[in-house]
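Commentary on secondary and tertiary structure
Chain residues, written in single-letter form:
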Amino acid sequence: MKTVLAFGDSLTWGYNPETLTRHARGDRWTVALAEALGGRAEVIAEGLNGRTTAFDDHLGEADRNGARVLPTLLTSHKPLDLVIILLGTNDLKPAVHGRAIAAKQGVEKLVRIVRHHEWTLGCEMPDVLIVAPPPFCESADPDFAAVFDRSIDESHMLGSMYADLADELECGFFDAATVAKTSPLDGIHLDADSTKAIGKALAPVVSLMLGL
């Protein structure tokens, strides 16, 4: 059986903007992906609310810097056949960085971490699939509107930037905006339908990359 590491933030954890809790297990995109693959691959969900690509954010209870945490996860979960990176949303917080170019550079760093990791004990280097998160939308939620102030335009740049990066680094690429949209409840997160849609849409891409 193939093994896939899904490395992401609250979109991977399954944050529910309606209940402010976690989506039911069956509604998370990682579970939808595993089900669509028909048991031919294990999908390991490593999602953390507020995780960035490579930037510090000290407001959380855990280390949100993805670049600092990823080497440990690669080691603890190896051998791996594929690493899916779905990050960048939290880089767009003005208090973190606020620019799409920073998210692109952060994803590039994560890809290089995967490729330069010490893949010992007979483990081969896994492929990498970059997934662009859906862009933000307008929301009446005062807290999220303030946290992501002026970030909507930047969020719309991620798809094209990530596509160019994936082409440059010879990674797989998928734009989640083609099948999902953020909820106006907070402008950032996804309802159950959009979350599941990402997992189902990723299945053909992942199958091809894994040779299933």
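Use the structure listed above.
Remember, it's a predicted structure, so these values are computed and weren't measured experimentally.

This part is about helix H7 (residues 158-169). Compared with the 16 Å implied by 1.5 Å per residue over 12 residues, the 16 Å span of H7 between its first and last C-alpha is a close match. For H7, the complete set of buried residues consists of Leu158, Gly159, Met161, Tyr162, Leu165, Ala166 and Leu169. Seen end-on, H7 carries its buried residues on one side only, within an arc spanning 165 degrees. Structural note: H7 exposes Asp164, Asp167 and Glu168 on the side pointing more than 90 degrees away from its buried face. Backbone geometry just after H7 places Glu170 at a positive phi near 60 degrees.

Among the structural elements, Ser76 can be located in helix H3 (residues 66-77). Residue Ser76 is classed as partly exposed on the basis of its relative accessible area, which comes to 49%. Considering only alpha carbons, one finds Ser76 and Leu208, 132 residues apart in sequence, at a separation of 25 Å. Within the local environment of Ser76, its side chain forms a polar contact with the backbone oxygen of Leu73, the two atoms lying 3.2 Å apart.

For the rest of this paragraph, the subject is the packing of helix H4 (residues 100-116) against H7. One way to put it is that H4 packs onto H7 with a least axis distance of 10 Å and a crossing angle of 30 degrees. If you check the angle between H4 and H7, you find them roughly parallel. For H4 against H7, the interelement crossing comes out right-handed. Residues Ala100, Ile101, Ala103, Lys104, Val107, Glu108, Val111, Arg112 and Arg115 of H4 form the contact with H7, whose own contacting residues are Leu158, Met161, Tyr162, Leu165, Glu168 and Leu169.

On the basis of which strands lie adjacent, the open sheet formed by 5 strands has the order S4-S1-S5-S6-S7 and parallel pairing. Strands at the two margins of the open sheet, each flanked by one partner only, are strand S4 (41-47) and strand S7 (172-175). Pairwise comparison of adjacent strand axes, ignoring direction, gives a mean angle of 20 degrees for this sheet. In the sheet, strand S1 (residues 2-8) pairs with S4 via 7 bridges, with the strands oriented parallel. Bridge assignment links Leu5 to a residue of S4, and that residue is Ile44. Packed onto the sheet, H3 meets S1, S4 and strand S5 (82-86) and runs at close to 160 degrees relative to S1. The strands touched by helix H8 (residues 192-210) within the sheet are S1, S4, S5, strand S6 (127-132) and S7, with S6 carrying the most contacts at an inclination of about 160 degrees.

Turning our attention to the nonpolar core. Leu5, Leu70, Leu74, Leu110, Val111, Ile130 and Tyr162 are the most contacted members of the largest nonpolar core, which totals 37 residues. Mapped by element, the contributors of at least two residues to this core are S1, H3, S5, H4, S6 and H7. If you tally residues by element for this core, the top one is H4, at 7 residues. Leaving out residues up to four positions away in the same chain, Leu110 has contacts with Phe7, Thr53, Gly66, Ala67, Leu70, Ile85 and Leu87. Among the nonpolar cores identified, the runner-up in size contains 22 residues, and Leu37, Ile84, Ala180 and Ile198 belong to it.

By volume, the largest pocket amounts to about 330 Å³. Looking at the largest pocket, it is lined by 18 residues, and the ones nearest its centre are Arg64, Asn90, Lys93, Phe144 and Phe148. Broken down by element, the residue count for the lining of the largest pocket peaks at 3 residues, all from helix H5 (residues 142-147). Residues of the lining of the largest pocket, tallied by class, amount to 8 nonpolar, 6 polar and 4 charged.

Rules of the game
- Residues numbered from 1 in each chain as written.
- Predicted model: local features only at pLDDT ≥ 70, side-chain atom pairs only at ≥ 80, totals over all residues.
- Heavy atoms only, no water.
- Helix = DSSP H or I, 4+ residues; strand = E, 2+ residues; numbered from the N terminus.
- Expected span 1.5 Å × (residues − 1).
- Buried < 20%, exposed > 50% of the residue type's maximum accessible area, 1.4 Å probe, protein only.
- Arc of directions from axis to C-beta.
- Polar contact = N/O pair within 3.5 Å; in protein donor to acceptor, adjacent residues only side chain to side chain.
- Axes fitted to C-alpha atoms, helices over the stretch in contact; angles between N-to-C directions.
- Parallel < 35°, antiparallel > 145°, perpendicular 65-115°, else oblique.
- Left-handed = near helix turned anticlockwise from the far one by under 90°.
- Contact = heavy atoms within 4.5 Å.
- Pairing = 2+ DSSP bridges.
- Core = buried A, V, L, I, M, F, W, Y, C linked by side-chain atoms within 4.5 Å.
- 1 Å grid on protein atoms, 1.4 Å probe; cavity = no way out; pocket = protein on both sides within 12 Å on 5 of 7 lines; lining within 4 Å.
- Points joined across faces, edges and corners; volume = space filled by probe spheres on them.
- Nonpolar A, V, L, I, M, F, W, Y, C, P; charged D, E, K, R; others polar.

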